[in-house]
Amino acid sequence: MSTFTKRVCISAICLIMAVVVYAYDAAIDGIYYDLNTENKEASVTYSSYDYASYSGIVTIPNYINVEGTGYSVTSIGELAFENCENLTSVTIPNSVKTIGNCAFWGCRGLVSVTIPNSVTTIGISAFQGCRSLTSLTIPNSVISIGDLAFQDCSGQTSIKVEPGNPVYNSAGDCNAIIETATKTLIAGCKNTIIPSDITAIGDDAFSGCKGLKSIAIPNNVTRIGKRAFHFCI
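So, how was this worked out
- Residues numbered from 1 in each chain as written.
- Predicted model: local features only at pLDDT ≥ 70, side-chain atom pairs only at ≥ 80, totals over all residues.
- Heavy atoms only, no water.
- Helix = DSSP H or I, 4+ residues; strand = E, 2+ residues; numbered from the N terminus.
- Buried < 20%, exposed > 50% of the residue type's maximum accessible area, 1.4 Å probe, protein only.
- Contact = heavy atoms within 4.5 Å.
- Areas by Shrake-Rupley, 256 points an atom, 1.4 Å probe, with all protein chains shown as cover.
- Pairing = 2+ DSSP bridges.
- Axes fitted to C-alpha atoms, helices over the stretch in contact; angles between N-to-C directions.
- Phe/Tyr/Trp six-rings, centres within 6.5 Å; stacked < 30°, edge-to-face > 60°.
- Core = buried A, V, L, I, M, F, W, Y, C linked by side-chain atoms within 4.5 Å.

Before going further, it helps to examine the overall build of the protein chain. Scanning the protein chain for helices and strands turns up one helix and 20 strands. Burial analysis of the protein chain (233 residues in total) assigns 48% to the buried set. Within the protein chain, contacts between residues separated by at least 24 positions form 37% of all contacts whose residues are at least 6 apart in sequence. Surface accessibility of the protein chain: about 10800 Å² in total, with carbon and sulfur atoms responsible for 51%.

Okay, here's the thing in structure tokens:
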């Protein structure tokens, strides 16, 4: 599947998900939650009455109390902040392990996101279209970042990945995907430093990155995927 086709398919999925009628389980201090009563876990979600539910600065707590029962906030649910164009800053607590698919999709005004080192998964298109997001530090706890997670983040100047702090300088609509679990890097960037523990560059990794000027590939890389540097002119 080409990068363009993949982008269209994922965007369509987000749009389809967005029209589903949804009801939240609890609302506390302006934040909506789904509750897992068996595991006593909560997931941040959106209001079924006002889909763009959040604006300004949002600080998510690591624990909530609902009718005398405590719940640990362990995830940011799918589409939780989708199209919240007036959202500017989000602080995610260290209880959160997962940021769901399309969680911040289309949050054009989002400038700052604090991601703790408890997060292990960032979903498909999680930050797609966050055009005001200029920088992001991905902690070394993250083992999976979904396709197009940072696609169309045109304001992005750096993605810093721990450990080692390699910096990926983006050029416009630049997608960076790191899958540390399989040691596979898929990234589209202007000047790229690939971490020394990466062993493969995936299919369509830098496809269409016309602004790519330099790339340093470490000796550990044993596979470069199909169309990895397609249309890099």
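This part is about the side chain of S89. Its place among the elements puts S89 in strand β7 (residues 87-91). The exposure class assigned to S89 is buried, which follows from its relative accessible area of 16%. Excluding residues that lie within four positions of it along the chain, S89 makes contacts with G56, I57, V58, L110 and S112.

What follows covers the sheet that holds β7. Pairing is parallel in the open sheet, where three strands are placed in the order β4-β7-β9. The open sheet has two free edges, formed respectively by β4 (56-59) and β9 (112-114), since each of these has just one partner strand. Neighbouring strand axes in the sheet, compared pairwise and without regard to direction, differ in orientation by 15° on average. Two strands pair when backbone bridges link them, and β7 and β9 are joined in this way by three bridges, in the parallel orientation. Bridge pairing in β9 places S89 opposite S112.

Our next topic: the packing of aromatic side chains. Using the criterion set out here, one finds five aromatic pairs in the structure. Ring geometry for Y32 versus Y54: centroids 6.0 Å apart, planes at 65°, classification edge-to-face. One end of the pair, Y32, is in strand β2 (residues 31-36); the other, Y54, is in the loop between β3 (41-45) and β4, with 22 residues separating them in the sequence. Side by side, Y32 and Y54 carry an identical accessibility label, which is buried.

Below, the discussion takes up unusual backbone geometry. You will see that K40, though not glycine, has its phi angle at about 55°, which is positive. Examined against the element boundaries, K40 turns out to sit in the loop between β2 and β3. For K40, a relative accessible area of 36% puts it in the partly exposed group. Positive phi values are uncommon outside glycine, yet N83 reaches one of about 60°. Note that N83 resides in the loop between β6 (69-76) and β7. Accessibility expressed as a relative area gives 37% for N83, which makes it partly exposed.

Attention shifts here to the nonpolar core. Among the nonpolar cores identified, the biggest contains 42 residues, and V44, I76, F81, L87, I99, F104 and F127 are the most heavily contacted of them. Listing elements by their share of this core, those giving two or more residues are β2, β3, β5 (63-66), β6, β7 and β11 (135-138). Contact partners of V44, with chain neighbours within four places excluded, come to I31, Y32, Y33, Y54, I60, V73, S75, I76, G77, A80 and F81.

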